[in-house]
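Given next are the chains, with one letter for each unit.
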Amino acid sequence: MLTDNESLSSGDIKRMKILIIMKMEFYQAIGYYCMGVAAEESGEYGEAVGYFRQSKQCLANSDKQSEKMNKEQRTDIMNSMMYARDVIEGRVLMGIFLT
C-alpha cells in the first residue's frame with residue numbers, strides 16, 4: 001500500500017497495465033471456453049466451435065501480453081497459461097472434427 005509521500009513510477013504503471021490486459025484476455029479465454037462447452041452440450045456444435053476459436057484467439061492475445069513481462073512475472077504465470085492452452089487447443093481440434 002502506498003503512503004501519501006509515495007507514488008508509482010511509470011515503469012510500475014506500465015507493468016501493471018500489461019498484467020491487467022494479460023489477465024483480462026486470459027479470463028476472457030476461459031469465459032469463451034465455458035460458453036463453448038455449454039453450446040456443445042446443448043448440441044449447437046457450430047456455435048461451440050466459434051466459441052472455442054475465439055477462446056484460442058484470446059489466449060494468444062494473453063500470451064502476447066505475457067511476452068512483454070519481465071522474466072520473474074512470466075515464470076509465475078506460465079503453468080496456468082500452458083494448461084489453458086492445452087485444454088483450449090485440444091477442444092478446438094476436437095470441435096473441428098465434430099463439424
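Report follows, based on the coordinates. Keep in mind that what you see is a predicted model, and the values were worked out from it rather than measured. (Residues numbered from 1 in each chain as written. Predicted model: local features only at pLDDT ≥ 70, side-chain atom pairs only at ≥ 80, totals over all residues. Heavy atoms only, no water.)

### Quick word on the overall build of the protein chain
Item 1. Within the protein chain one finds three helices and zero strands.
Item 2. For the protein chain, with 99 residues in total, the buried portion stands at 30%.
Item 3. The contacts in the protein chain between residues at least 6 apart in sequence include a share of 65% that link residues at least 24 apart.
Item 4. Approximately 6,900 Å² of the protein chain is accessible, and the part contributed by carbon and sulfur atoms is 55%. (Helix = DSSP H or I, 4+ residues; strand = E, 2+ residues; numbered from the N terminus. Buried < 20%, exposed > 50% of the residue type's maximum accessible area, 1.4 Å probe, protein only. Contact = heavy atoms within 4.5 Å. Areas by Shrake-Rupley, 256 points an atom, 1.4 Å probe, with all protein chains shown as cover.)

### Details of the environment of Lys56
Item 1. Structurally, Lys56 can be placed in helix α2 (residues 45–67).
Item 2. Spatially, the C-alpha atom of Lys56 lies 7.7 Å from that of Val92, the residues being 36 residues apart in sequence.
Item 3. Discounting chain neighbours no more than four positions away, the residues touching Lys56 are Ile88, Glu89 and Val92.

### Here's the deal with the packing of aromatic side chains
Item 1. All chains considered together, the criterion is met by three aromatic pairs.
Item 2. Here Phe26 and Tyr27 contribute two aromatic rings whose centre-to-centre distance is 5.6 Å and whose plane-to-plane angle is 70°, an arrangement assigned as edge-to-face.
Item 3. With relative accessibility at 54%, the residue Tyr27 sits in the exposed group.
Item 4. Plain terms: the ring middles of Tyr33 and Phe52 are 5.7 Å apart, the flat faces sit at 40° to each other, and that makes the pair tilted. One end of the pair, Tyr33, is in helix α1 (residues 10–41); the other, Phe52, is in helix α2, and 19 residues separate them in sequence. (Phe/Tyr/Trp six-rings, centres within 6.5 Å; stacked < 30°, edge-to-face > 60°.)

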